[in-house]
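Residues per chain, in single letters:
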Amino acid sequence: MNIAIVGTGYVGLVSGTCFADTGANVVCVDTDATKIERLKNGQIPIYEPGLDELVTKNVKAGRLKFTTDLAAVLDDVQIVFSAVGTPPDEDGSADLRYVLQVARTIGQHLTKYVVVVTKSTVPVGTARKVRQTIEEELAKRGLQDLEFDVASNPEFLKEGNAIKDFMSPDRVVVGVESEHAKKVLTKLYKPFLINNFRVIFMDIPSAEMTKYAANSMLATRISFMNDIANLCELVGADVNMVRAGIGSDTRIGRKFLYAGCGYGGSCFPKDVKALIRTADQNGYSMEVLKAVERVNERQKSILFKKLVKCFGSEEALRGKTIALWGLSFKPETDDMRESTSLVMISRLLEAGCQVRAYDPVAMDECRRRLGDVVTYCNDMYDAVLDADALLLLTEWKEFRLPTWAVIHKAMRHALVIDGRNIFDEEDLLEAGFEYHCIGK
């Protein structure tokens, strides 16, 4: 099967590479000529464990290719995936200009039947706009009778675990409008689910809604637990005990019940905003999600508030050196979009602090975003040198078992504020630290 994937960002590159690894012939398309040249030379623009090896393998096998020319590949493919970006507009709605530009290009050059699949996260009704755009371009060419299908196939990849998620999905959601499109996409996904075919076919609007609903539900669980954690601190409860208690209820489950210093990334913040906006446009107010968003924004400053409390006032922070462990919004990625670290660095610099930071993979991304306003350290021990406080923002595995005695000697003030609740309080107290976490 021959397929094209437009967009070589996180979703497009991972999807294209994984499809190629099952034997499909894949052409990844992007308008960024520099990025395409880099990909042809084996340079991967994103960090995802195992992706570079998989790209190299499939390029060498001839199953994965890269180009800037979508028009040139349309005659040779059965499926075109649109995986371009849908950044939020100022009002929170998804910006569809790139999605519709792909549709316009397809309409301008299509000569035979294809299935046009939207893989980007898009609002309900986008597939209808894609179809309309293609039809308008075909009509200009006198090809209004040329048949094609549109479909929706939202992705549910977790950054840092995307390849495993794609290769062994717990479900694949596909919205179709014809039996023929269903047959084509069934053939494509059969290799991934050969022992247990877990493709859920539905109408296109339901598929488009499913992606937003899933991410919004997960974001809701996180904000709910952060709200509970903050109340636990006030009433003397331990959120870890509460989580164990409610997570044992099979109706609730244990996942996404971890309190922390806020969620970030490319999906949850954007999708919550977009779903709120979609509801507003349809005359309905998503009150729960609006609260989820408010709680999360507040939670991103919770460690700063704890730091101020430890030192007595915000003015007392001026001139202090603060060490940050973790810059990415989660482990196993260099993605800093909507990360808590961006909020923390801003608040710390405004308070007159010196910031020493370390992250296993996100240092270059932080430098690209912020320049040299912080000191980038060689490792986690370098970061705490002469620090007045250590703030844990991202729960990378290498941070879980540090040598506290070495850190105690390196720091000016033995204060640790754990934004992800990964450290053992007894270990830190025994090592002579003042320790604070979330929800206890």
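These figures come from a predicted structure and were not determined experimentally.

Hey, could you run me through the overall build of the chain in this one?
Check the secondary structure of the chain and you find 17 helices and 14 strands. The globule rule puts the C-alpha radius of gyration for 440 residues at 22 Å, and the 24 Å found for the chain is close to it. For the chain, buried positions account for 52% of its 440 residues. If you take every contact in the chain between residues at least 6 apart in sequence, the share linking residues at least 24 apart comes to 73%. When the accessible surface of the chain is summed, it comes to about 19,800 Å², and 51% of that surface belongs to carbon and sulfur atoms. Looking at the chain, you have 55 positive and 61 negative side-chain charges, and the mean spots of the two groups are 3 Å apart.

Whenever I open this one, helix H7 (residues 179-189) confuses me. Can you help?
Three- or four-residue spacings in an α-helix give side chains the same orientation, since the helix completes a turn every 3.6 residues. Turning to H7, its buried residues number three or more, namely Ala 181, Val 184, Leu 185, Leu 188 and Tyr 189. Projected down its long axis, H7 shows its buried positions confined to an angular sector of 125°, all on one face. Residues of H7 that are exposed and point more than 90 degrees away from the buried face comprise Glu 179, Lys 183 and Lys 187.

Is there a simple way to think about the sheet that holds strand E13 (residues 415-418) in this case?
Across a sheet, strands are paired by hydrogen bonds formed along the backbone, either parallel or antiparallel in direction. Spatially, E11-E10-E9-E12-E13-E14 is the arrangement adopted by the 6 strands of the open sheet, whose pairing is parallel. Two strands in the sheet have a free side with no partner beyond their single neighbour: strand E11 (375-376) and strand E14 (434-436). Contacts from helix H12 (residues 302-311) reach strand E9 (321-325), strand E12 (389-392), E13 and E14, with the element oriented near 155° to E13.

Explain unusual backbone geometry to me, please; I cannot follow it from the model alone.
For residues other than glycine, phi is negative in most cases, and the peptide bonds are mostly trans. Positive phi, normally seen in glycine, also occurs at Glu 332, with a value near 65°. Looking at where Glu 332 falls in the secondary structure, it is placed in the loop between E9 and helix H13 (340-350). With a phi close to 60°, Asp 386 is a non-glycine residue in the positive phi region. Structurally, Asp 386 can be placed in the loop between helix H15 (380-383) and E12.

How do you make sense of the environment of Ala 357 when you look at a structure like this?
Of note, Ala 357 is situated in strand E10 (residues 354-358). In this structure Ala 357 comes out as buried when scored by relative accessible area, which is 0%. It is 8.8 Å that separates the C-alpha atoms of Ala 357 and Asp 379, two residues lying 22 residues apart in sequence.

Looking at this model, I keep getting lost on the pairing of E10. Mind explaining?
It is a general feature of regular strands that their side chains alternate between the two faces of the sheet. Of all 5 residues making up E10, 4 are buried, and the element is well covered by its neighbours. Pairing of E9 with E10, which is carried by 5 bridges, proceeds in the parallel orientation. Bridge assignment links Ala 323 to a residue of E10, and that residue is Arg 356. Viewed along the sheet, the connection from E9 through H13 into E10 turns out right-handed.

Can you help me understand helix H2 (residues 33-40) in this one?
Where H2 begins, the capping side chain belongs to Asp 32, and its oxygen is found 3.1 Å from the backbone nitrogen of Thr 34. Following H2 by one or two positions, Gly 42 adopts a phi angle in the positive range, close to 85°.

Please clarify how the pattern of salt bridges should be interpreted in this entry.
Working definition: two side chains of opposite charge can pair if their charged atoms are close together. Taken as a whole and judged by the stated rule, the model has 29 salt bridges. Two residues, Asp 30 and Lys 35, come together in a salt bridge whose shortest N-O distance is 4.0 Å. On the accessibility criterion, Asp 30 (11% relative accessible area) is buried. The class for Lys 35 is partly exposed, based on a relative accessible area of 22%. Measuring nitrogen to oxygen at the nearest pair gives 3.2 Å for the salt bridge that ties Glu 137 to Lys 140.

Calculation notes
- Residues numbered from 1 in each chain as written.
- Predicted model: local features only at pLDDT ≥ 70, side-chain atom pairs only at ≥ 80, totals over all residues.
- Heavy atoms only, no water.
- Helix = DSSP H or I, 4+ residues; strand = E, 2+ residues; numbered from the N terminus.
- Rg over C-alpha atoms; globule rule 2.2 N^0.38 Å.
- Buried < 20%, exposed > 50% of the residue type's maximum accessible area, 1.4 Å probe, protein only.
- Contact = heavy atoms within 4.5 Å.
- Areas by Shrake-Rupley, 256 points an atom, 1.4 Å probe, with all protein chains shown as cover.
- Lys, Arg positive; Asp, Glu negative; His and termini not counted.
- Charge placed at Lys NZ, Arg CZ, Asp CG, Glu CD.
- Arc of directions from axis to C-beta.
- Pairing = 2+ DSSP bridges.
- Axes fitted to C-alpha atoms, helices over the stretch in contact; angles between N-to-C directions.
- Right-handed = clockwise from strand over helix to strand, strands pointing away.
- Polar contact = N/O pair within 3.5 Å; in protein donor to acceptor, adjacent residues only side chain to side chain.
- Salt bridge = Lys/Arg side-chain N within 4 Å of Asp/Glu carboxyl O.

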